[in-house]
Structure formats: C-alpha cells, structure tokens
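# Structural overview
As a plain string of letters, each chain reads:
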Amino acid sequence: MSPFTPHAVLTFAGTDPTCGAGLQADVLTLASLGCHPLAVVTAITVQDSVGVEDYLPLDPEWIVDQARSVLEDIPVAAFKIGMLGSVEAVMAIAEVVSDYPDVPLVLDPVLASGRGDELATETLIDAMKDMLLPQTTLITPNGLEARRLAMDEGVDSEAPDLEECAERLLDMGCEYVLITGTEEQSPAVSNRLYGTEGLIQTLNWERLPGSYHGSGCTLASAIAGLMAQGADLLEAVKRAQEFTYQSLQAAYRPGMGQHIPDRFYW
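Heads up: these notes are all about the structure in this document. (Residues numbered from 1 in each chain as written. Predicted model: local features only at pLDDT ≥ 70, side-chain atom pairs only at ≥ 80, totals over all residues. Heavy atoms only, no water.)

### Focus: the overall build of the protein chain
Threshold: Numbering of helices and strands runs from the N terminus; a helix is a DSSP stretch of H or I covering at least four residues, while a strand is a stretch of E covering at least two. Here a residue-residue contact requires only that any non-hydrogen atoms of the pair lie within 4.5 Å. Calculation of accessible area relied on Shrake-Rupley with a 1.4 Å probe; when residues are assessed, cover is drawn exclusively from the protein chains displayed.
When helices and strands are tallied, the protein chain shows eight helices and nine strands. In terms of principal-axis extent, the alpha carbons of the protein chain reach across some 55 × 40 × 40 Å. Within the protein chain, residue pairs in contact and separated by at least 24 positions form 66% of the contacts whose partners lie at least 6 positions apart. With an accessible surface of roughly 12,000 Å², the protein chain has 53% of that area assigned to carbon and sulfur atoms.

Below, the structure is given as structure tokens:
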C-alpha cells in the first residue's frame, strides 16, 4: 500500500462521450497532474468531436447527492465547475460549495460548445452570476464568454472591452479573473489575469493551427489541480497554461471534428 495519498479535486461538469471535453477531460487532466479526481455529473450530452447535438440536465437532487456522498467521505482540496446544465443545478451546486468556503473554486463558464452550440440560457447566466461568482476564487472565461457574462443588456449598446469585463466580474464577487485569448483575432493568444488591483499578469502563447476540443476544460482543471497541491494562484495559473499549451501541441484528431489535447503528452 502506498504511503502517498494524492490530493482530491471535485469537478462538477457535463459528460462528453468523446472524452475531449467536459467531465472526462477534467478527470484526464487531474489524473495527469497527479491528483485524484472526484467527478459529479451535472448533465449528459450527445456530442461528437464536431459539436453538441443535445443535452439532458441532471435532476439537482442527484447532483447534490453525488457531491455530498463523496464530500462526506473524502477530503477535497479544490473544486472545479464546468457545464452546469440548468438554473436548478446552479442553485444546488452553490448550496454545496457554500459549506466549504476555504476550498478554492475554479469556475470555467461553459456557455457554448466550440462550434457555438448554446449550452446556457440568460437565466442560467444570471443565476451563475448571483450565486456562484461570489464564491469563486478564479473564473476562466474566453473573450466571448467574458463579454456575455459582463454585458448589461439594459445599459450597454455594445460589448465592453475585456478590461471592463474583468472589472465587472470582480465586482460580482469573484477574487480573480483569467480571460483567455483563444477566441480573439490576434497573432498570439494573450491570457490576462486580473485581480482587484487590476491587471496582474499577461502571458502570450503562439497561436497553434487548428481547432481544439476541451482546451478550456484542461486549463481550468489544471489550475484547480495545482492549487489543490499547494501552488499559489499565480503559480498555478502560469503552470496550468504551460501544461495546456503542451497538451495542445501534442493534440491529435481522432474523428472528423476538432483536435483533442493529449493530457498525457509527457
């Protein structure tokens, strides 16, 4: 019997039968980094490497029961949240994590698939902002997600710039915002980390050719895993970007759609 027990990270996410994104991507990433993943299903998706065809949100009581059963058994060092599926799921998860205020929480706001398939209604987004953001250590939206989360339809005539988006998300209660540049039209991918003091860190990465399935899940899970192992937020964000970039460099295309990151590239 090994004397070493890996740090446990609990992830709430929807399934992905391709194992490119979603719950399975979280499990692969956390395992690659030496963590023990605990996996709570929020929704079941019908998808391939091209896009999402449909999804079935899980009953919120089932989400709570899954989470409570493992949380009462295994100490958790970090939470990661991905696809939520329904407003009721947001409420259920917010209630669960509120009992663990000292455990870091990384929120990957999955609002649409890489192809653009809608995965979150405006009502769900409002619930996320009201109930989850105030409990979030770090949120990791891409530029499109940041603008959608931060835009006030009643006030803004156009989407705010990314710095303003970060300020608004911080005002909603989260501690840090990492806005990734994967969806921006720029030669390099610029990922910007913001805190209450403003821009903290910018890391630029060469834009790789092709389209990738599950890069956001990989990044957010890697940050949660590294924080669970004791890295501070700045170190975890930097090392997780390095891990994600190398997994994208080693990506492969098993089907007719996007490339899938190789989380075990090493």
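### Topic: the environment of leucine 71
Applicable threshold: Under the scheme applied here, a residue whose accessible area is under 20% of the maximum for its type counts as buried, over 50% as exposed, and between as partly exposed, the area being computed with a 1.4 Å probe on protein chains only.
Along the chain, leucine 71 turns up in helix α2 (residues 60-71). Residue class for leucine 71 comes out buried when judged on its relative accessible area of 9%. Along the chain, leucine 71 and alanine 13 lie 58 residues apart, while their C-alpha atoms are 16 Å from each other. Once residues within four sequence positions are removed from consideration, leucine 71 is found in contact with Leu10, Val76, Phe79, Val96 and Tyr100.

### A few points about the sheet that holds strand β3 (residues 52-57)
The criterion, for reference: A pair of strands is treated as paired once DSSP finds two or more bridges between them. Lines fitted to C-alpha atoms define the axes, with helix axes restricted to the stretch in contact, and inter-axis angles between N-to-C directions lie between 0 and 180 degrees.
Taken in spatial order, the nine strands make up an open sheet running β3-β2-β1-β4-β5-β6-β7-β8-β9, and their pairing is mixed. In this open sheet, the two edge strands, each paired with only one partner strand, are β3 and β9 (198-206). Judged from the eight bridges that link them, strand β8 (residues 188-195) and β9 form a sheet pairing that is antiparallel. Looking at β9, one finds that serine 190 is bridged to asparagine 204. Contacts between helix α1 (residues 22-32) and the sheet are confined to β1 (8-14), β2 (36-47) and β4 (78-81), with β1 contributing the most and set at about 160 degrees to the helix.

### So, helix α6 (residues 162-171)
Every α-helix winds through 3.6 residues per turn, so residues three or four apart in the chain are directed the same way. Our working definition: As used here, the arc belongs to the directions running from the helix axis to the C-beta atoms. Whenever two N or O atoms come within 3.5 Å, that pair is a polar contact, provided that in protein one can donate a hydrogen and the other can accept it, and provided that, for residues adjacent in sequence, both atoms are side-chain atoms.
Taken as a whole, α6 has its buried residues at Leu162, Cys165, Ala166, Leu169 and Leu170. For α6, the angular spread of buried residues about the axis comes to 135 degrees, placing them on one side. Buried residues in α6 make contact with α5 (143-150), β7 (176-179) and β8. The N-capping residue of α6, defined by a side-chain oxygen 3.3 Å from the backbone nitrogen of glutamate 163, is aspartate 161. Where α6 ends, the next residue or the one after it, glycine 173, has phi of about 125 degrees, a positive value.

### Side note on a nonpolar patch on the surface
Stated formally: Here, patches come from residues exposed beyond 30% relative accessible area and free of salt bridges, joined within 9 Å for like charges and within 5 Å for nonpolar side chains (Val, Leu, Ile, Met, Phe, Trp, Tyr). By definition here, a salt bridge exists when the distance from a side-chain nitrogen of Lys or Arg to a carboxyl oxygen of Asp or Glu is within 4 Å.
Taken together, the side chains of Leu28, Phe264 and Trp266 define a hydrophobic patch exposed on the protein surface, amounting to about 330 Å² of accessible area. Tracing the chain through its elements places leucine 28 in helix α1.

### A closer look at the packing of helix α3 (residues 87-97) against helix α4 (residues 122-132)
Any two packed helices are characterised by how steeply their axes cross, that is the angle between the axes, and by the distance between the axes. For clarity, the cut-off: Oblique is the label for any angle not under 35 degrees, not over 145, and not in the 65 to 115 range, which are roughly parallel, roughly antiparallel and roughly perpendicular in turn. By the convention adopted, Pro, Cys, Tyr, Trp, Phe, Met, Ile, Leu, Val and Ala count as nonpolar, Lys, Arg, Asp and Glu as charged, and the other residues, Gly among them, as polar.
At a closest axis distance of 9 Å, the pairing of α3 and α4 adopts a crossing angle of 10 degrees. It follows that α3 is roughly parallel to α4 by the angle criterion. Within the contact between the two elements, α3 uses Val87, Val90, Met91, Ile93, Ala94 and Val97 and α4 uses Thr123, Leu124, Ala127, Met128, Met131 and Leu132. Taken together, the residues that form the contact of α3 with α4 break down as 11 nonpolar, one polar and no charged.

Geometric descriptors of this kind do not, in isolation, establish any biological role.
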